[in-house]
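Close look at the chain arrangement
Residues per chain are reported as follows:
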Number of protein chains: 2
Amino acid sequence: MALDESFLQQACAIFGERLTDAAAVRQAHGLSEAYHAPHPPDLVVFPESVVEAQQLVQLCARFKVPMIPFGAGTSLEGNASAPHGGVCVDMTRMNQVIEINADDMDCRVQPGISRKTLNTQLKDSGLFFPIDPGADASIGGMASTRASGTMAVRYGTMRENVIGLEVVMPNGTLIRTSRRARKSSAGYDLTKLMVGSEGTLGLITEVTLRLYPLPEAVSAATCPFTCLSDAVRCVIEIMQMGLSVARIEFLDAVMIRGVNQYAGMSHAEAPTLFLEFHGTEQGVQEQAQRAQEIALGHGGEKFQWATRPEDRSRLWSARDNTLYAGLGLRPGAKAMITDVCVPISQLAECLIETQKDIVSSQLIVPIVGHVGDGNFHLLILVDPENADEVSRARHLHDTMVERALRLQGTCTGEHGIGTGKIDFLEQELGQAVDVMRCVKAAIDPDNIMNPGKIFRKETAGA
Amino acid sequence: MALDESFLQQACAIFGERLTDAAAVRQAHGLSEAYHAPHPPDLVVFPESVVEAQQLVQLCARFKVPMIPFGAGTSLEGNASAPHGGVCVDMTRMNQVIEINADDMDCRVQPGISRKTLNTQLKDSGLFFPIDPGADASIGGMASTRASGTMAVRYGTMRENVIGLEVVMPNGTLIRTSRRARKSSAGYDLTKLMVGSEGTLGLITEVTLRLYPLPEAVSAATCPFTCLSDAVRCVIEIMQMGLSVARIEFLDAVMIRGVNQYAGMSHAEAPTLFLEFHGTEQGVQEQAQRAQEIALGHGGEKFQWATRPEDRSRLWSARDNTLYAGLGLRPGAKAMITDVCVPISQLAECLIETQKDIVSSQLIVPIVGHVGDGNFHLLILVDPENADEVSRARHLHDTMVERALRLQGTCTGEHGIGTGKIDFLEQELGQAVDVMRCVKAAIDPDNIMNPGKIFRKETAGA
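Please read these numbers as outputs of a predicted model, since none were measured by experiment. (Residues numbered from 1 in each chain as written. Chains lettered and ligands numbered in written order. Predicted model: local features only at pLDDT ≥ 70, side-chain atom pairs only at ≥ 80, totals over all residues. Heavy atoms only, no water.)

Moving on to the domain arrangement of chain A. Residues and elements named next belong to chain A. In terms of domain boundaries, chain A breaks down into domain 1 (5–90), domain 2 (97–213), domain 3 (217–324) and domain 4 (330–406). Computed from C-alpha atoms alone, the centre-to-centre distance between domain 1 and domain 2 is 22 Å. Across the boundary between the two partners, domain 1 contributes 12 residues, which contact 17 residues of domain 2. Between domain 1 and domain 2, a total of about 1,100 Å² is buried, with carbon and sulfur atoms accounting for 69% of that surface. For the domain 1 face of the interface with domain 2, the top three residues by lost area are Val50, Val57 and Asn79, together amounting to 36%. If you look at where domain 1 meets domain 2, you find 0 salt bridges. Among the elements that make up the side of domain 1 that touches domain 2, the one with the highest residue count is helix α3 (residues 50–63) (6 residues). (Domains from an automatic or database assignment. Contact = heavy atoms within 4.5 Å. Buried area = accessible area lost by both parts, 1.4 Å probe. Salt bridge = Lys/Arg side-chain N within 4 Å of Asp/Glu carboxyl O. Helix = DSSP H or I, 4+ residues; strand = E, 2+ residues; numbered from the N terminus.)

On to the side chain of Arg159 of chain B. Tracing the backbone through its elements, the reader meets Arg159 of chain B in helix α7 (residues 158–161). A distance of 3.1 Å separates a polar atom in the side chain of Arg159 of chain B from the backbone oxygen of Arg182 of chain A. Ignoring anything within four residues of it in the chain, the contact list for Arg159 of chain B reads Arg182, Lys183, Ser184, Asp189 and Lys192 of chain A together with Arg146, Lys192 and Val195 of chain B. (Polar contact = N/O pair within 3.5 Å; in protein donor to acceptor, adjacent residues only side chain to side chain.)

Take the relation of the copies chain B and chain A next. Turning chain B through 180° and shifting it by 0.0 Å along the axis lays it on chain A, with an RMSD of 0.0 Å. Here the transformation between the copies is reduced to the relation of a two-fold axis. Of the residues that chain B buries at the interface, 99% are likewise interface residues in chain A, meaning the two copies contact each other through the same surface. (Least-squares fit on C-alpha atoms with pLDDT ≥ 70 in both.)

A few words now on a nonpolar patch on the surface. All names here are of chain A. The grouping of Tyr262, Leu323 and Tyr324 at the surface amounts to a nonpolar patch, some 320 Å² of accessible area in total. With respect to the secondary-structure elements, Leu323 resides in helix α13 (residues 322–327). The class for Leu323 is partly exposed, based on a relative accessible area of 32%. (Patch = residues over 30% accessible without salt bridge, like charges linked within 9 Å, V, L, I, M, F, W, Y side chains within 5 Å. Areas by Shrake-Rupley, 256 points an atom, 1.4 Å probe, with all protein chains shown as cover. Buried < 20%, exposed > 50% of the residue type's maximum accessible area, 1.4 Å probe, protein only.)

Here we come to helix α17 (residues 432–443) of chain B. Between its first and last C-alpha atoms α17 of chain B spans 17 Å; for 12 residues at 1.5 Å apiece the expected length is 16 Å, and the two agree. Among all positions in α17 of chain B, only Ala432, Val433, Val435, Met436, Arg437, Val439, Lys440 and Ile443 of chain B are buried. Where α17 of chain B is buried, its residues contact β9 (174–176), α8 (190–194) and α17 (432–443) of chain A together with α8 (190–194) and α16 (422–429) of chain B. (Expected span 1.5 Å × (residues − 1).)

In this section: the environment of Gly164 of chain A. You can see Gly164 of chain A is positioned in strand β8 (residues 162–168). With 14 residues separating them in the primary sequence, Gly164 of chain A and Ser178 of chain A have C-alpha atoms 5.1 Å apart.

This part is about the packing of aromatic side chains. Under the definition given, this model contains 10 aromatic pairs over all chains. On the basis of an interplanar angle of 70° and a centroid distance of 4.8 Å, the ring pair of Tyr155 of chain A and Tyr212 of chain A is categorised as edge-to-face. Placement of Tyr155 of chain A in helix α6 (residues 152–155) and of Tyr212 of chain A in strand β11 (residues 212–213) is noted, with a sequence separation of 57 residues between them. Judged by relative accessible area, which is 6%, Tyr155 of chain A ranks as buried. Residue classification places Tyr212 of chain A among the buried positions, given a relative accessible area of 14%. Between the aromatic rings of Tyr188 of chain A and Phe455 of chain B, the centroid separation amounts to 5.5 Å while the plane-to-plane angle is 80°, which identifies the pairing as edge-to-face. Of the two residues, Tyr188 of chain A is situated in the loop between β9 and α8 and Phe455 of chain B in the segment after α17; the pairing between them involves two chains. (Phe/Tyr/Trp six-rings, centres within 6.5 Å; stacked < 30°, edge-to-face > 60°.)

Moving on, we get to the interface of chain B and chain A. Of the residues lining the interface, 86 residues belong to chain B; the matching set on chain A comes to 85 residues. Around 7,000 Å² of area is buried between chain B and chain A when both sides are counted, 54% of it from carbon and sulfur atoms. Contact with chain A buries surface across chain B, with Arg179, Lys183 and Tyr188 of chain B losing the most and accounting together for 14% of the total. Counting across the interface, chain B meets chain A through 44 residue pairs in polar contact (both at pLDDT 80 or more). Elements represented by at least two residues in the side of chain B that touches chain A include exactly α7, β9 (174–176), α8, α9 (228–240), α11 (281–296), α16 and α17 of chain B. By residue number, the principal contributor to the side of chain B that touches chain A is α17 of chain B, which donates 8 residues. Along the lines of polarity and charge, the residues of the side of chain B that touches chain A split into 34 nonpolar, 30 polar and 22 charged. (Nonpolar A, V, L, I, M, F, W, Y, C, P; charged D, E, K, R; others polar.)

In structure tokens form, the structure reads like this:
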């Protein structure tokens, strides 16, 4: 879109050299890590304060210019691309820890800080922020996409761990969605409304996060299974026993092959669980032993476990390298990464049927899953120049998502809708999407906050 | 209000004898357990199906008649009274468990089922629903007020434990807010928007709940402290150690006196903590021992603990009788029950200053708190006929709430706003309340769902 001259002048007056329309910067901000077509913004600005962020929103509101909040650029569904042009608001210069409240086990941070930087800064407090989506995402971005990852089975997702937000609303007012108390029943839960709204309802300028004590002891385990159903059944029993598992990850045989190649390891090429327990020395030993007994009951005879840090990281290193290990299975290919989440009782069926489709697709598609939550990812390895492959990949993707929906699941467990899953959201929630549209239209009547994401403006029938 | 004749005829056609304007029934539905002035509805109806509930909403929408959803009538802030008249929708006949999914550890229930009835029906599954607000509230009501209670420190509140809802929206459409997957990042979190909205955004017709394995072992403990600060400091350390405490409750000396009188016990009349741990046999022993060490470090020398059920219930019986024990301190008095919640670092100050005000008020006011969350309740014992007393009670109440807000807390941790805390919500969240109004106006433009609750329709300045 052509931006108004007067708008540009005023934006320059706020941001000076922290405003750019350089092609390389715009390109970098239109892409993220998604496989979707890039849509660069017209401008990129880098606010350094809440005041600047608010001034920008007020200016954009006056000229009805779209804004796209941007963090680390690690989103996967086109969540931060700019299909309607406008201003990309790169929040990475607002990356400070504002306060750490050790007694309350919480902290206030600016949205541009990355989760790893935050954890580095938390070290002396004896606390940590557990949500780990893999990438070193920004906290603001993680809040916006309702991210989760490996630790969600124990510590919850961003949904459970954002205590409150400061947000510039589309009309330019600055609000706090809640106080710092651990719980509240004071009015609508605007915090949770904002978490997962992918920047479509406002610009997050501060995040209050729940923190946890660093575990006194950690034990880790891996176990291969003869078949996928046995592995899933084992997970279900571990959960039903109430074992306080901190992570419970699944790698299919293809992914294990990739890991073996990538890291020179020799895991059995079989569906494999990776587990981690957090607790006291005595507690984590007991938990691992119980998990072993359960695994044995499902044919998991090669259960290995470790408590010493070096042994644990050896055991888990396979899990920690899945992206590059996956890509290594087909050098030069790109990965279409996608996720679904189903009730765990439906997980084995969902995975087995998906594996059959993978065979039919003749593509290499490793699977990795946060199976304690019923969540798994496909890394569909394709040559993006090969239209036939891309079409087979697309078909595989769509079939899997539709299957997850049939099995009472969701089209995305943790990546968000972005542009990539817009059509599936309607399938998933039907008329509830109209309620979302109604909320969006009320809060952002000019549709200037990250337009074109989550849902189309009009209903399918309209 | 005078209800339209045609409206009445059509309502009768739906509900027949399950529609009444009998004074006694109306009175009973205008009151709840709140100390606030009762506001009876014009009519009470008892739907028995989703179809009837939806027909009712559509009818009320056509005639712009207010609807007030009603569960067990145990709310405390006038959440279910009818200040604008209209139809009270008593959901207690929709009280069935629809399905229990043991593998997924969840269940679908109708909103009128009470939490105790649900737990009775869950018994054979080895699972339980932990949220325990004290009263035997309905699940729909608990979702509506974002209830919590003693177990929240371990299991979360209704916010964390409602997986999804079926809701009749004010325009009569029936939606599901989410699928049954454990997590999702598919669009706005309508589930969490509805939880805590106190019936102002729609009529809940089904609730999907998260369940937990019954703990293999439970240990319980009590410990009196010389002063309140020591007790709170002990709680903070227990939380920071990451002990997996399932309940951690505080009774002040006045409440202990009440308990001693009521149940013929002989607890030291001192600020006292009640603790409970859930886990394995070995785990709960270890946790209790660690808690004892921490308590000792804060002068808690009379730490008592127990694992056998009969010993545990003896220890905890004091905590389980606080309402009647409190009322027993002043026979004939009524209790104004209210709650606030602050960051735990502010809890000691908030409690100590409140106790000073209690002394000044010359009223008897026992305190009981879910201190792991920073949440506590006053039971202000008053003679409602004595205007001076009521005024002193009111002053005590308001001063405490304002203090909690100054200390970064919330005006209600778990009772909701209802009519009782409307003015404090504005103090607490400022312009964020305008965002709530904006959402309300968009979803319920005719203001027919539980009008007059949570906020006034217009801003204070308007």
